[in-house]
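What follows is each chain in one-letter form.
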Number of protein chains: 2
Amino acid sequence: MAHLNETHAPSLRSWIDSANAHDTDFPIQNLPFAVFRRDGTDEPFRGGVAIGDQIVDLAALAAERPFTGDASVALQAAASDSLNGLMALGPTAWSALRLALSKALRMQSASRGLVEACLVPQAAAEFAVPARIGDYTDFYTSVHHATNIGRQFRPDQPLLPNYKWVPIGYHGRSSSIGVSGLSFPRPIGQMMRPGAPSPVVGPCERLDYELELGIFIGPGNATGRPVSMDEAESQVFGLCLLNDWSSRDVQGWEYQPLGPFLSKNFATTLSPWIVTFEALAPFRVPFVRPAGDPDPLPYLDSPANRAEGALDIRLEVDLQSRLMRERGLSPQCLTSTSYRHAYWTPAQLVTHHTMNGCNLRPGDLFGSGTLSGPTLQEAGALIELTVGGQQPLTLAGGESRTYLVDGDSVTLRGWCEAPGAVRIGLGACIGTVLPTTS
Amino acid sequence: MAHLNETHAPSLRSWIDSANAHDTDFPIQNLPFAVFRRDGTDEPFRGGVAIGDQIVDLAALAAERPFTGDASVALQAAASDSLNGLMALGPTAWSALRLALSKALRMQSASRGLVEACLVPQAAAEFAVPARIGDYTDFYTSVHHATNIGRQFRPDQPLLPNYKWVPIGYHGRSSSIGVSGLSFPRPIGQMMRPGAPSPVVGPCERLDYELELGIFIGPGNATGRPVSMDEAESQVFGLCLLNDWSSRDVQGWEYQPLGPFLSKNFATTLSPWIVTFEALAPFRVPFVRPAGDPDPLPYLDSPANRAEGALDIRLEVDLQSRLMRERGLSPQCLTSTSYRHAYWTPAQLVTHHTMNGCNLRPGDLFGSGTLSGPTLQEAGALIELTVGGQQPLTLAGGESRTYLVDGDSVTLRGWCEAPGAVRIGLGACIGTVLPTTS
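Bear in mind that the values here come from a model prediction, so they are computed numbers and not experimental data. (Residues numbered from 1 in each chain as written. Chains lettered and ligands numbered in written order. Predicted model: local features only at pLDDT ≥ 70, side-chain atom pairs only at ≥ 80, totals over all residues. Heavy atoms only, no water.)

From N to C terminus, chain A includes 12 helices and 26 strands. In terms of principal-axis extent, the alpha carbons of chain A reach across some 70 × 55 × 40 Å. Taking the 32 positively charged and 43 negatively charged side chains of chain A as two groups, their mean positions are separated by 1 Å. (Helix = DSSP H or I, 4+ residues; strand = E, 2+ residues; numbered from the N terminus. Lys, Arg positive; Asp, Glu negative; His and termini not counted. Charge placed at Lys NZ, Arg CZ, Asp CG, Glu CD.)

Right, here's the structure in full:
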């Protein structure tokens, strides 16, 4: 594949031992970005890059001015309290910084001493949302999710006629996006119980998670200037994990005709690390439509997208209840799937979103939508796994679950493996449900 | 009414003559805020207050430090290139600044000389979007609009069962919000023609406007802390006009099941001036539900909201085609209505939006939704006025219209009149459709 370069070489090893462990999420081939500070301090937040169990503090590194040219410009931008400036620079600068960091972290690097002085252990850090997110758009790219959900909301017509033609999406809420570790109270909502004469107001009874990926946008486009498929990937800075918490009972009552609103906007959780699109190059796979499905319309099609527009990112959801924590029981894996099953690629989302001239800005966030795979065991939300609450799951320790219970922690994980490539990970996205406050 | 004060007194007159004209939008009782600079310059944008045909340059005034206490703090905040800082301060500070400005602009003001040096003619100014809008939420508060539209999209069930219980809303796009004077190319979109086997892509053929009001949010609330009805109005900084341009053919094809997306996010236009909620106090009217409709649920109800939660803001839509401009024909009034017909008040929108703990931030924007009145002549969009394009309108000069044609300019206007009060206006919100670029 043309876009592999020396930073992807499986032979590369770092002078930081923990980066060479076979099961680390953050080998030298990854180099994802976050915004962090030392936990419990009032230091300014600043950019960092993960390497093994450490963070390279990019503000500290930038103060040393170790790089030149594009890499230096990108490093100065990444030293800020948000990554918007870095995202605005575009792929050439991103690539230059990645290469410079890769060289500095390799065995026998001449700048080892300089970088070593800039390390902060990940265990000693707290993280922030990595960009000021101007607009957040949530898509609906799993045909399996759309079908599973559709069957419950519209038994006569699970998959709507537009699904295979339009990358369905809607605008979400930026203000309530938080970073992994977030706890939030169970939301209050207005709900209509079956057969009731009028709605009730109270704590949501069908609280769910959604397993998604987040896609951070790079330079953006001017209003009125669509982004073609050929240009689309240059708009993608990188990916993280995203949990789109949802109150299903509120959603069922409120969503017609303008879509989800309060059922989604009380909390959205991101993993702290953004894995760059460049780091994901070894894990690209062909974009394939099921036999009999229509080809994408020409504006959403390109040879490159067909050849390798999709990504094989393995995804997992773990649940741990309060009782399981108290008893020392490990989180239980509820779902295992891959992003490769998505019906639309990141490039198609960028191109569709801008076809009408809508402008994207650096730091804008797309959600992939719930990434359910083809079988029910690969479903990315409880509403699917429990068939709308009709088939409870049994947890280790004997508890059963239809929807989330107060005290439940949900962890999303993502990683990539491919022959001839070093495994890289997206880290974890953790969130915990608290009791309603009021 | 308790919230009238000396700034509303009909007897007040300004030493600026144009502010005393009976038909000005901006008498001394109004004092709306905008962000502006001298047209054609690269001066920094800064806050301004309208008075007659002039603007008080708040950055210039702030440099003189003419006020004390809350009014001084608010003036310094309003001198910035966005009004977010002012909005964050809350009603006490807003009121103090209004009173100080009112005193400075009255006949016999001792600070006339100082303020006179800070005036810029409105005709010499260009405007910016007055706040950095973190999140934009569009509501659906006209039951008449919901019914008219619903009849076309769902003839069997025009008004959905949730409408009279839930203030329906959805998140919109912040990035493409512009200020009056905006021109934009007709958007490209994916559309499904009736009976066609597959969708087509091309310039939207059913381009429409929507007559709305914008509501700018003040201090905001912390995540997880709902805002009660009693607190809700202290979150409302002020109102402006808002045109929610819409491509109906794209909307019809894309909107199921997650709501409008590309049909709305290519352009939204605001009037430059934000009329404060305080200035609107004389024009408050009872919030009344039609006989037989359910009362609002308790969390959306309060005695104050019943007594005067609604606002009588007169609204008008004018259209002028390119041909009309060339022939010197005046814009033609298509619609005349009032905000008093809305099914939900601003306070109810704030309370509903935050009931689940969703946080609002200073500078967030709500759209009211299309404000159609009870009769078809009061409808706020062409899709209603022309019954889905089936009953074309005839324009002065003989042209006919179903939807907008390239070159059409749409002007929204708003103003308030009440016995014993001086008329105040919201100004104008103008936008023009250009041909598709590609």
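Here the narrative resumes, following the displayed structure.
All names here are of chain A. With domains assigned, chain A is organised as domain 1 (6-128) and domain 2 (136-434). Between the C-alpha centres of domain 1 and domain 2 the distance comes to 28 Å. In this assembly, 31 residues from domain 1 lie in contact with 26 residues from domain 2. Summed over both sides, the interface between domain 1 and domain 2 buries roughly 2,300 Å², with carbon and sulfur atoms accounting for 68% of that surface. (Domains from an automatic or database assignment. Contact = heavy atoms within 4.5 Å. Buried area = accessible area lost by both parts, 1.4 Å probe.)

Here we come to the nonpolar core. One finds L239, I313 and Y339 of chain A to be the most contacted residues of the largest nonpolar core, which totals 75 residues. Dropping the residues within four chain positions of it, Y339 of chain A is found in contact with L213, I215, L239, L311, I313, L315, P346, S368 and L371 of chain A. Grouped together as the second largest cluster of nonpolar side chains are 74 residues, Y209, L241, Y343 and I383 of chain B included. (Core = buried A, V, L, I, M, F, W, Y, C linked by side-chain atoms within 4.5 Å. Buried < 20%, exposed > 50% of the residue type's maximum accessible area, 1.4 Å probe, protein only.)

This part is about the pairing of strand β26 (residues 424-434) of chain A. Strand residues, when the strand is regular, have side chains that alternate between the two faces of the sheet. Residues and elements named next belong to chain A. The element β26 is largely enclosed, with a buried count of 8 among its 11 residues. The pairing of strand β9 (residues 182-185) with β26 spans 4 bridges and is parallel. The residue of β26 that forms the bridge with L182 is G431. Bridging between strand β25 (residues 409-416) and β26 involves 8 bridges; their strand directions are antiparallel. For S409, the partnering residue across the bridge sits in β26 and is T432. (Pairing = 2+ DSSP bridges.)

Attention now goes to the interface of chain A and chain B. Listed per partner, the contact involves 55 residues of chain A and 55 residues of chain B. Where chain A abuts chain B, roughly 5,100 Å² becomes buried across the two surfaces, and 61% of that area is made up of carbon and sulfur atoms. Three residues stand out in chain A for area buried against chain B, namely R173, L258 and F261 of chain A, and they jointly supply 15% of the buried area on that side. Where chain A touches chain B, the interface holds 4 salt bridges. The closest approach of N and O atoms between R173 of chain B and D135 of chain A, which form a salt bridge, is 3.5 Å. Between the two partners, chain A and chain B, sit 28 residue pairs in polar contact (both at pLDDT 80 or more). Of all the secondary-structure elements, those providing two or more residues to the side of chain A that touches chain B are β6 (136-139), β7 (169-171), β10 (188-191), α8 (248-254) and α11 (346-354) of chain A. (Salt bridge = Lys/Arg side-chain N within 4 Å of Asp/Glu carboxyl O. Polar contact = N/O pair within 3.5 Å; in protein donor to acceptor, adjacent residues only side chain to side chain.)

Our next topic: helix α6 (residues 143-153) of chain A. Taken together, the buried positions of α6 of chain A are V143, H145, A146, T147, N148, I149 and G150 of chain A. Its buried side turned inward, α6 of chain A meets α8 and α12 (382-385) of chain A.

Another aspect to go through is the sheet that holds strand β21 (residues 332-338) of chain B. Within a sheet, neighbouring strands are paired by backbone hydrogen bonds and run either parallel or antiparallel to one another. All names here are of chain B. Pairing within the open sheet is mixed, and its 5 strands lie in the order β9-β26-β25-β20-β21. Looking at which strands have only one partner, the edges of the open sheet turn out to be β9 (182-185) and β21. The mean inter-strand angle of the sheet, taken between neighbouring strand axes irrespective of direction, is 20°. As judged from the 6 bridges shared by strand β20 (residues 314-320) and β21, these two strands associate in the antiparallel manner. In the strand pairing of β21, D318 is matched with C333. (Axes fitted to C-alpha atoms, helices over the stretch in contact; angles between N-to-C directions.)

Before going further, it helps to examine helix α2 (residues 69-78) of chain B. Among the residues of α2 of chain B, those classed as buried are A71, S72, A74, L75, A77 and A78 of chain B. Turning to α2 of chain B, the residues buried within the fold contact β1 (33-38), β2 (46-51), α1 (58-63), α3 (84-89) and α4 (91-105) of chain B.

A word on the relation of the copies chain A and chain B. Of the two same-sequence chains, chain A is brought onto chain B (RMSD 0.0 Å, axial shift 0.0 Å) by a rotation of 180°. Both copies are brought into coincidence by an operation consistent with a two-fold rotation axis. Every residue of chain A has its C-alpha some distance from the rotation axis, and the shortest such distance is that of G259 of chain A, at 2.1 Å. (Least-squares fit on C-alpha atoms with pLDDT ≥ 70 in both.)

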